[in-house]
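Spelled out from the first residue to the last, the chains are:
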Amino acid sequence: MNRPLEGAGGGPPASVIAGIGAYVPPNPVTNHDLSLRLDTSDEWIRSRTGISSRHMVLPGQATSDLAVEAGRRALESAGPEHAEGVDAVVLATTTPDRACPATAPEVAWRLGLGTVAAFDVSAVCSGFLYGLATATGLITAGTADRVLLIAADAFTTLVDPRDRSTAVIFADGAGAVVLRAGRPDEPGAVGPVVLGSDGSLAGLLEVPGGGSRQRASGEPARPGDEFLRMAGRDTYRHAVERMADASRRAVKAAGCGLADIDRLAAHQANARILTTVAEHLGIPEDRRLSNIDRNGNTVAASIPLLLADSATDGSLTAGHRVLLTAFGAGLAWGAATVQWPDVKPG
Ligand code: UT7
């Protein structure tokens, strides 16, 4: 165990990013491909969402398959010094392989991590930030020294392929980070994570069938209830308000100002939402990270995929103070800051 006994000023250790990796299924699906089976067009999708193409799971490919690949890459990125000491796996997902049990234990086992603690966190598009808070809690409480946090969703399996308002947005993928115990003042240290929820608006984005509510009714699921329903316009409005507000609070909690933010890594929900959130926060265009054009909305995976892609293409570099923020079904939202460490995506 290399655990520092305490963080700065005698407090608990911080959680520090030590590695990152991401994975998307092969074979991008273009807007043109979708327009062959849906009443939509490349022009509509590009102008309303900013998406040109996305990746979808292959037949037979499940969330654990995406998670294992992203997790393996993050472990490679962290190197043996940290990878061999991983003692917990947190998987943020809303599309577990099965309703029971959680998918994380199988992912940990397939990654060769033995009998480490492993569990799922379900917070839909805010899954990475909820997972980050959970993993950080494990580290600061002394339950774990190194946590592999994976955010993975095969969300297209919940989307009605005939629903043009959701089928053009959602996509599949996975991103992962290795977190280790460290000092709050070192690069990669995760700042305070701000989280929130509003269950009174759960109906704005929901999959009505398949859960205990429907099963306990004694009635079979109604046709279509196995698919996502989204009130797009209302969701859009709440997304902007909640991400902007959570961002302000996370920046304040970290003891800095919005002018100190070098990069904004917001959940890739819709390019217009991202622009509006950044404008509300006064973050100029050259400080906004985005990969929505080629990945669409990958739900929990969105932020770590964006961080990995941006670190790979050089738009995010060591020393940047990056603001993370997400919003989605629940409703649930969150934000945090990280000073980006010197890590090479695996
Ligand atoms: O991941 C976090 C949670 N999700 C979000 O944050 C998503 C938030 N919402 C959105 O991104 C947008 O609301 C959408 C992209 C889903 C929709 O864009 P919009 O500009 O809000 O369009 P709308 O729903 O108001 O629909 C406008 C029109 C409608 O036609 P009419 O009624 O005006 O004739 C829709 O039927 O656009 C139509 N439409 C489409 N047309 C072509 C909806 N989807 C499509 C489509 N292609 N794919």
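Residues numbered from 1 in each chain as written. Predicted model: local features only at pLDDT ≥ 70, side-chain atom pairs only at ≥ 80, totals over all residues. Heavy atoms only, no water.

Some words on the overall build of the protein
Applicable threshold: Here a helix means four or more residues in a row that DSSP labels H or I, a strand means two or more in a row labelled E, and each is numbered from the N terminus. The globule rule used for comparison is 2.2 Å times the number of residues to the exponent 0.38, while the radius of gyration itself is calculated over C-alpha atoms. In this description, contact between two residues means that some pair of their heavy atoms is separated by no more than 4.5 Å. Using a 1.4 Å probe, the Shrake-Rupley method yields the accessible areas, and only the shown protein chains count as cover for residues. Counted charges follow a simple rule, with Lys and Arg positive, Asp and Glu negative, and His plus the chain ends left uncounted. The location of each charge is read from NZ of Lys, CZ of Arg, CG of Asp or CD of Glu.
In terms of regular secondary structure, the protein is built from 12 helices and 13 strands. Here the C-alpha radius of gyration of the protein, 19 Å, is about what a compact globule of 346 residues would show, namely 20 Å. Each principal axis of the C-alpha distribution contributes one length, and for the protein these read about 60 × 45 × 40 Å. Look at the contacts in the protein between residues 6 or more apart in sequence, and 77% of them connect residues 24 or more apart. Roughly 14400 Å² of accessible area belongs to the protein as shown, and the carbon and sulfur atoms make up 51% of that amount. In the protein, 31 side chains carry a positive charge and 38 a negative one; their mean positions are 3 Å apart.

Notes on the packing of aromatic side chains
Here the distance between the centres and the angle between the planes together describe a pair of aromatic rings. Threshold: Within 6.5 Å between ring centres, the rings of Phe, Tyr and Trp (the latter by its six-membered ring) count as paired, and their orientation is classed by plane angle as stacked under 30 degrees, edge-to-face over 60, tilted in between. Buried means the residue's accessible area, taken with a 1.4 Å probe over protein chains only, is under 20% of the maximum for its type, while exposed means over 50%, and partly exposed covers the values in between.
With the rule as written, the count across this model stands at 1 aromatic pair. Aromatic side chains F155 and F170 sit 5.0 Å apart centroid to centroid with 45 degrees between the ring planes, which places their arrangement in the tilted category. With F155 in the loop between β6 (146-154) and α7 (164-167) and F170 in the loop between α7 and β7 (172-182), the pair connects residues that are 15 residues apart, well separated along the chain. Note on accessibility: F155 and F170 belong to one class, buried.

Observations concerning the sheet that holds β7
To keep things clear, this is the line we draw: Strands are labelled as partners when DSSP assigns at least two bridges between them. In this description, a line fitted to the C-alpha atoms serves as the axis of each element, helices being fitted only across the stretch in contact, and the angle between N-to-C directions of two axes falls anywhere from 0 to 180 degrees.
Overall, mixed pairing links the 5 strands, which are arranged β1-β7-β6-β4-β5 in an open sheet. The two strands at the open ends of the sheet, each matched to only one other strand, are β1 (14-23) and β5 (117-121). Strand-to-strand twist in this sheet, taken as the mean axis angle between neighbours without regard to direction, amounts to 20 degrees. Looking at chain direction, β1 and β7 are connected through 9 bridges and run antiparallel. Its bridge partner being in β7, I17 is matched across the sheet by L179. Lying on the sheet, helix α6 (residues 127-140) is in contact with β1, β4 (88-92), β5, β6 and β7; it crosses β6 at an angle near 160 degrees. Across the face of the sheet, helix α12 (residues 302-313) comes into contact with β1, β6 and β7 while running at roughly 80 degrees to β1.

Re unusual backbone geometry
The residue after C100, namely P101, is reached through a cis peptide bond having omega 0 degrees. By the element assignment, P101 lies in the loop between β4 and α5 (104-110). Along the chain, G330 connects to L331 via a cis peptide bond; the corresponding omega equals -15 degrees. Looking at the secondary structure, you find L331 in the loop between β12 (321-328) and β13 (332-339). Even without being a glycine, N27 presents a positive backbone phi close to 65 degrees. Residue placement: N27 occurs in the loop between β1 and β2 (29-30). You will see that V299, though not glycine, has its phi angle at about 60 degrees, which is positive. For V299, the location among the structural elements is in the loop between α11 (292-295) and α12.

What to know about the side chain of D225
For D225, the position within the fold is in the loop between α8 (212-216) and β10 (229-230). Setting aside its immediate chain neighbours within four residues, D225 contacts V207, P208 and G209.

Some remarks on the pattern of salt bridges
For side chains of opposite charge, pairing can occur when their charged atoms come near one another. So the rule is basically this: By definition, a salt bridge exists where a carboxyl oxygen of Asp or Glu is found within 4 Å of a side-chain nitrogen of Lys or Arg.
One pass over the full model with this rule turns up 16 salt bridges. We note a salt bridge from R222 to D225, for which the minimum N-O separation is 3.1 Å.

Some details on the pairing of β5
Put simply, the rule is: Crossover handedness is defined here as right-handed if the route from the first strand over the helix to the second strand goes clockwise, with the strands pointing away from the viewer.
Judged from the 5 bridges that link them, β4 and β5 form a sheet pairing that is parallel. Bridging from a neighbouring strand, V90 pairs with F119 of β5. Crossover handedness for the path β4 to α5 to β5: right-handed.

Re the UniProt feature "domain: Beta-ketoacyl-[acyl-carrier-protein] synthase III C-terminal" (unreviewed entry) in the protein
The cut-off we apply is this: UniProt positions are given in the numbering used here, feature names are shortened, and annotations may be inferred rather than shown by experiment.
This chain's UniProt record puts "domain: Beta-ketoacyl-[acyl-carrier-protein] synthase III C-terminal" (unreviewed entry) on residues 252-340. Spanning residues 252-340, this segment combines 33% helix with 22% strand, and its end C-alpha atoms are found 18 Å apart.

Here's the deal with the domain arrangement of the protein
Many authors give the size of an interface as the accessible area that is lost as the parts come together. Operational definition: Domain borders in the structure are assigned automatically or taken from a domain database. Note: buried area is the sum, over both parts, of the accessible area (probe 1.4 Å) each one loses when the two are combined. Whenever two N or O atoms come within 3.5 Å, that pair is a polar contact, provided that in protein one can donate a hydrogen and the other can accept it, and provided that, for residues adjacent in sequence, both atoms are side-chain atoms. When residue character is reported, Ala, Val, Leu, Ile, Met, Phe, Trp, Tyr, Cys and Pro are called nonpolar, Asp, Glu, Lys and Arg charged, and the others, Gly included, polar.
The domain boundaries assigned to the protein delineate domain 1 (8-182) and domain 2 (194-339). Contact residues are listed per partner, giving 45 residues for domain 1 and 41 residues for domain 2. Together, the buried faces of domain 1 and domain 2 total about 3200 Å²; carbon and sulfur atoms form 69% of this surface. On the domain 1 side of the interface with domain 2, the three residues burying the most area are C125, L129 and Y130, jointly 20% of the side's total. Inspection of the domain 1/domain 2 interface yields 0 salt bridges. One can count 12 residue pairs in polar contact (both at pLDDT 80 or more) joining domain 1 with domain 2. Among the elements of the structure, β1, α2 (42-49), β3 (53-54), α6, β6, α7 and β7 are those that each provide at least two residues to the side of domain 1 that touches domain 2. No other element matches the 6 residues that α6 contributes to the side of domain 1 that touches domain 2. Counted by class, the side of domain 1 that touches domain 2 contains 25 nonpolar, 13 polar and 7 charged residues.

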